[in-house]
Amino acid sequence: QVQLVESGGGLVQAGGSLRLSCAVSGRAFSAYAMGWFRQAPGTAREFVAAISWNGRRTNYGDPAKGRFTISRDNAKNTVYLQMNSLKPEDTAVYYCAADREVFRDPRGSEDVYDYWGQGTQVTVSS
């Protein structure tokens, strides 16, 4: 089974930066589109960013545009989310997800993703 493990979350001051990582098991990682989602307490899960199998296409949710960057290293079976200019409203649990439909475009709807990590907490103080 495909396993996803997020890391890199923590406490940061407003205006600061964090880089999240997601390590993925399995040979087929290089053919999967990957996504990041987040969920704050009492809210619905929200799309953050996604990236195609080869890293040539990206897709960002509105809160991420201009501040966050998604990337991947297929040799390391890892996807990253670089977060800059963080705001208190970015506080949430951040989840990594994989789309097993090989070579599909990166999408922002959570229902196309098949495998999910356990999440990593990001807290931004004011």
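Preceding this paragraph is the structure being described.
For every chain, the first residue of the written sequence is number 1, and numbering continues from 1 onward in sequence order. A pLDDT threshold of at least 70 governs which residues receive local features in this predicted model, and a stricter bar of 80 or more applies before side-chain atom pairs are shown or counted, although totals over entire chains, interfaces and linings include all residues. Hydrogens and water are ignored here; the side-chain numbers use all heavy atoms of the structure.

Participant: What is the right way to read the sheet that holds strand E8 (residues 78-83) from this model?
Facilitator: What links the strands of a sheet is backbone hydrogen bonding, and the strands pair in either a parallel or an antiparallel sense. Following DSSP output, two strands are said to pair if at least two bridges run between them. Numbering goes from the N terminus for both helices and strands, where a helix is a DSSP run of H or I of at least four residues and a strand is a run of E of at least two. Pairing is antiparallel in the open sheet, where four strands are placed in the order E1-E3-E8-E7. Since the sheet does not close on itself, it has two edges, and those belong to strand E1 (4-7) and strand E7 (68-73), each with one partner. Here the average twist between neighbouring strands, direction ignored, is 15°. Judged from the four bridges that link them, E1 and strand E3 (residues 18-24) form a sheet pairing that is antiparallel. In the sheet register, Val5 faces E3, and the bridge partner there is Ala23. Lines fitted to C-alpha atoms define the axes here, with helix axes fitted over just the stretch in contact, and angles between the N-to-C directions of these axes take values from 0 to 180 degrees.

Participant: Help me out: how do you make sense of unusual backbone geometry in this one?
Facilitator: Most of the time, phi is negative for any residue but glycine, and the peptide bond is trans. Even without glycine at this site, Ser85 takes up a positive phi of about 50°. Turning to its location among the elements, Ser85 is positioned in the loop between E8 and strand E9 (92-99). Phi is positive for Phe103, close to 65°, though the residue is something other than glycine. Along the chain, Phe103 falls in the loop between E9 and strand E10 (115-116).

Participant: So what exactly am I meant to see when it comes to the state of the cysteines here?
Facilitator: Note on terminology: disulfide describes a covalent bond linking the sulfur atoms of two cysteines. Note on terminology: disulfide denotes any pair of cysteine sulfur atoms within 2.5 Å. Throughout the structure, instances matching the rule amount to one disulfide. Disulfide pairing places Cys22 opposite Cys96 at an S-S distance of 2.2 Å. Disulfide Cys22-Cys96: the torsion about the S-S bond is -85°, which places it as left-handed. Within this pair, whereas Cys22 is found in strand E3, its partner Cys96 is found in strand E9, the two being separated by 74 residues in sequence. In terms of burial, Cys22 and Cys96 fall into one category: buried. To sort residues, take the accessible area from a 1.4 Å probe on protein chains only and compare it with the maximum for the residue type: under 20% means buried, over 50% means exposed, and anything in between is partly exposed.

Participant: Just checking my understanding: could you explain the pairing of strand E4 (residues 33-39) for this structure?
Facilitator: Most of E4 is tucked away: six of the seven residues are buried. The sheet contact formed by E4 and E9 spans seven bridges and is antiparallel. The partner of Met34 across the bridge, within E9, is Ala98. Relative to strand E5 (residues 46-51), E4 runs antiparallel, the two being bridged by five bridges. When the sheet's bridge partners are listed, Trp36 is paired in E5 with Ala49. Where E4 folds back on E5, the antiparallel hairpin that results is connected by six residues, among which Gly42 adopts a positive phi of roughly 75°.

Participant: Which parts of the structure should I look at to understand the environment of Ser21?
Facilitator: On the secondary structure map, Ser21 appears in strand E3. Contacts of Ser21, omitting those with residues within four sequence positions, involve Val5, Glu6, Ser7, Trp36, Thr78, Val79 and Tyr80. Every residue pair with non-hydrogen atoms within 4.5 Å of one another is taken to be in contact.

Participant: Could you clarify how one ought to interpret the packing of aromatic side chains in this entry?
Facilitator: Both the distance between ring centres and the angle between the ring planes are used here to describe each pair of aromatic rings. Pairing of aromatic rings covers Phe, Tyr and Trp, the last through its six-membered ring, and needs centres within 6.5 Å; plane angles under 30 degrees mean stacked, over 60 mean edge-to-face, and all others mean tilted. Enumeration according to the criterion identifies six aromatic pairs in this entry. Here Phe37 and Tyr113 contribute two aromatic rings whose centre-to-centre distance is 5.4 Å and whose plane-to-plane angle is 75°, an arrangement assigned as edge-to-face. A residue pair is termed long-range when its members are at least 10 positions apart, and Phe37 in strand E4 and Tyr113 in the loop between E9 and E10 qualify at 76 residues. Among the residues examined, Tyr113 registers a relative accessible area of 5% and is labelled buried. Ring geometry for Phe37 and Trp116: centres 5.2 Å apart, planes at 50°, overall tilted. In this pair, Phe37 is assigned in strand E4 and Trp116 in strand E10, connecting sequence segments 79 residues apart. Accessibility expressed as a relative area gives 1% for Phe37, which makes it buried. By the ring-pair criterion, three or more aromatic residues cluster together here, those being Phe37, Phe47, Tyr113 and Trp116. Remark: a charge is flagged as sitting over a ring if the NZ atom of Lys or the CZ atom of Arg is within 6 Å of the ring centre and within 35 degrees of the ring normal. Sitting over the face of the ring of Tyr95, Arg45 holds its NZ or CZ atom 6.0 Å from the ring centroid. Geometry around Phe29 places Arg72 over its ring, the cationic atom sitting 4.4 Å from the centre.

Function cannot be read off these values alone, since they describe shape.
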